[in-house]
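Each chain is listed here by its residues.
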Amino acid sequence: MKSTASIAIVWIVLAAGLPIWGQEATPDQLDRAFANLVRFQIGSPTQDVDRIRSAVVESAKDGPRRADLETRLIQVLGSQATWEAKDFACRQLLVIGTDASVPALAGLL
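Residues numbered from 1 in each chain as written. Predicted model: local features only at pLDDT ≥ 70, side-chain atom pairs only at ≥ 80, totals over all residues. Heavy atoms only, no water.

Trainee: Can you walk me through the nonpolar core in this structure?
Mentor: Looking at soluble globular proteins, one finds that nonpolar side chains tend to be buried together. In this structure, Phe34, Leu37, Ile52, Leu69, Leu73 and Val76 are the most contacted members of the largest nonpolar core, which totals 19 residues. Where this core is concerned, the elements lending two or more residues are helix 2 (27-37), helix 3 (47-58), helix 4 (63-77) and helix 5 (83-96). Ranked by the residues each element gives to this core, the list is headed by helix 5, at 5 residues. In contact with Val76, not counting residues within four places along its chain, are Phe34, Leu37, Ala81, Ala85, Lys86 and Ala89. (Core = buried A, V, L, I, M, F, W, Y, C linked by side-chain atoms within 4.5 Å. Buried < 20%, exposed > 50% of the residue type's maximum accessible area, 1.4 Å probe, protein only. Helix = DSSP H or I, 4+ residues; strand = E, 2+ residues; numbered from the N terminus. Contact = heavy atoms within 4.5 Å.)

What follows is the structure in structure tokens.
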């Protein structure tokens, strides 16, 4: 028997519109998430970072999609994004980054 807390968590995730198992973000949702990411701060709603994080995980076996996400994350590092947004981008590049990420990451040192 499932606990009431588990069921409540599933309902919260569904109500928030967060991507869950097997439900990928649409291109428009991902575009909005990256547009909003540059203003992300601690305490902000996390829907956009959650959407990007899910896309990063889901891109594990999709080279072109992973490369696109890497490019977008590198652009965040070179922008006027908040410190929190850049921190998030670095953490995602830890997962999917390639040699292409090195110059942008080195620029932060």
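Trainee: Explain helix 5 here, please?
Mentor: Helical geometry note: an α-helix holds 3.6 residues per turn, so side chains three or four residues apart project in the same direction. Along its 14 residues, helix 5 runs 20 Å from first to last C-alpha, staying within 8% of the 20 Å computed at 1.5 Å per residue. What helix 5 keeps buried is the set Glu84, Ala85, Phe88, Ala89, Gln92, Leu93 and Ile96. Elements in contact with the buried residues of helix 5: helix 2, helix 3, helix 4 and helix 6 (102-106). (Expected span 1.5 Å × (residues − 1).)

Trainee: I'm lost on the pattern of salt bridges in this one. Help?
Mentor: Pairs can form between side chains of opposite charge whenever their charged atoms are close. By the definition in use, this model includes 6 salt bridges. Bridged by salt links that share partners, the residues Glu24, Glu58 and Arg65 form one connected network. (Salt bridge = Lys/Arg side-chain N within 4 Å of Asp/Glu carboxyl O.)

Trainee: Looking at this model, I keep getting lost on the side chain of Arg72. Mind explaining?
Mentor: With respect to the secondary-structure elements, Arg72 resides in helix 4. Polar side-chain contacts of Arg72 include one of 2.7 Å to the side chain of Asp31. Those residues in contact with Arg72 that lie beyond four places of it in its chain are Leu30, Asp31 and Phe34. (Polar contact = N/O pair within 3.5 Å; in protein donor to acceptor, adjacent residues only side chain to side chain.)

Trainee: Could you clarify how one ought to interpret the packing of helix 3 against helix 5 in this entry?
Mentor: In a packed pair of helices, the relevant descriptors are the angle between the two axes and the axis-to-axis distance. Look at helix 3 against helix 5: their axes get within 10 Å of each other, and the N-to-C directions meet at 10°. Of the possible angle classes, the one that applies to helix 3 and helix 5 is roughly parallel. Here the hand of the crossing between helix 3 and helix 5 comes out right-handed. In this structure, helix 3 uses Val49, Ile52, Arg53 and Val56 to contact helix 5, whose residues at the interface are Phe88, Gln92, Val95 and Ile96. (Axes fitted to C-alpha atoms, helices over the stretch in contact; angles between N-to-C directions. Parallel < 35°, antiparallel > 145°, perpendicular 65-115°, else oblique. Left-handed = near helix turned anticlockwise from the far one by under 90°.)

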